[in-house]
Amino acid sequence: MKSLDRPKSLTELVTETLRDWIVKGELDLGSHLSEVRIANDLKVSRTPVREAINRLEIEGLLTVRPQRGTFVFCLEPDELAKLCDARVCLETTAMAAAIQTNPERLYASLLDCATRMTDARRRDDVSLYLALDTEFHQHLLNCSGNRFLNDAYQTIAPKMAALRNRLGRHPDHLAKSYREHLDLVEAVKDRDTDRALEILKLHIDRKEGSYWNDATRVPELHSVGD
């Protein structure tokens, strides 16, 4: 039986728009959101904006502070460290499972993604490269054969994509990250689980450098549109 396609509601459209602004870095970490300004910019009432804010608060992309307002998330150093720890647990477990159960699919998926990442770097398209970076890591979960791991991963994936679009633009980080992606593809090709896990752990669990400081620096609070 074919399910009926239905148009997206205003709430869904506003949610997708705000999520996109946050993930792509169009809204600064810690910035204050004005419901009125967003409603005016998107030409909608405040109701779908408020509902979208509720959804994005659940996703961890927004923080609602009583008597103060709604803010884009920002992380203290220890919070970012814990987020990296969660990634290490989920992605390494997923990758080990994928190499064991779906090695050919995993290799083909990562190789295709890495090839497009190479092309994006050649054209200096950083935004596309970072979107492919997010896709690359999602393949680990897609090929794991464990939907529960993937469900857990989706609770942090939007926040990680938002951070990646900020941290990943640092030239030194970008170059080193790219090399590690290529090394990871080769390790998966060889079905060398130990080597692949070593590369992935180093790739995720790096907690030094100016890009780390940038992610945990608390910005000056300002409203969207100011």
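Here we summarise the structure given alongside this text. Note that the structure is a prediction, hence the values are computed from the model and not measured.

Another point: the overall build of the protein. Helix and strand content of the protein: 11 helices and three strands. Reading the secondary structure of the protein in the N-to-C direction produces α-β-α-α-β-β-α-α-α-α-α-α-α-α. Here the protein holds 226 residues, and 46% of them are scored as buried. A sequence separation of at least 24 residues applies to 74% of the contacts in the protein between residues at least 6 apart. As presented, the protein carries roughly 12200 Å² of accessible surface, and 51% of it is formed by carbon and sulfur atoms.

Where like charges cluster on the molecular surface, the negative patch consists of Asp183, Glu186, Asp190, Asp192 and Asp194. Its relative accessible area of 63% is what places Asp194 among the exposed residues.

For the rest of this paragraph, the subject is the pairing of strand E2 (residues 62-65). As paired elements, E2 and strand E3 (residues 69-72) share four bridges and run antiparallel to each other. Paired with Leu62 across the two strands is Val72, which belongs to E3. From the end of E2 to the start of E3, which pair antiparallel, there are three residues, and Gln67 there has a positive phi angle of about 70°.

So, on to the nonpolar core. Ile22, Val72, Phe73, Met95, Leu106, Phe136 and Leu163 are the most contacted members of the largest nonpolar core, which has 59 residues in total. The element that contributes the greatest number of residues to this core is helix H4 (residues 77-101), accounting for eight residues. With residues up to four places along the chain from it excluded, the contact list for Ile22 reads Leu27, Leu61, Leu62, Val72, Phe73, Ala162 and Arg166.

This next bit is on the sheet that holds E2. Sheets are built from strands that pair by backbone hydrogen bonding, the pairs being arranged parallel or antiparallel. The antiparallel open sheet is built from three strands, whose spatial order is E1-E3-E2. Where the open sheet ends on each side, the last strands, each with one partner, are strand E1 (32-33) and E2. Pairing of E1 with E3 involves two bridges; the strand directions are antiparallel. Bridge assignment links Leu33 to a residue of E3, and that residue is Thr70. Running over the sheet, helix H3 (residues 46-59) touches E2 and E3 and is turned about 110° from E2.

What counts, and where the lines are drawn
- Residues numbered from 1 in each chain as written.
- Predicted model: local features only at pLDDT ≥ 70, side-chain atom pairs only at ≥ 80, totals over all residues.
- Heavy atoms only, no water.
- Helix = DSSP H or I, 4+ residues; strand = E, 2+ residues; numbered from the N terminus.
- Buried < 20%, exposed > 50% of the residue type's maximum accessible area, 1.4 Å probe, protein only.
- Contact = heavy atoms within 4.5 Å.
- Areas by Shrake-Rupley, 256 points an atom, 1.4 Å probe, with all protein chains shown as cover.
- Patch = residues over 30% accessible without salt bridge, like charges linked within 9 Å, V, L, I, M, F, W, Y side chains within 5 Å.
- Salt bridge = Lys/Arg side-chain N within 4 Å of Asp/Glu carboxyl O.
- Lys, Arg positive; Asp, Glu negative; His and termini not counted.
- Charge placed at Lys NZ, Arg CZ, Asp CG, Glu CD.
- Pairing = 2+ DSSP bridges.
- Core = buried A, V, L, I, M, F, W, Y, C linked by side-chain atoms within 4.5 Å.
- Axes fitted to C-alpha atoms, helices over the stretch in contact; angles between N-to-C directions.

Nothing here speaks to function; it is geometry throughout.
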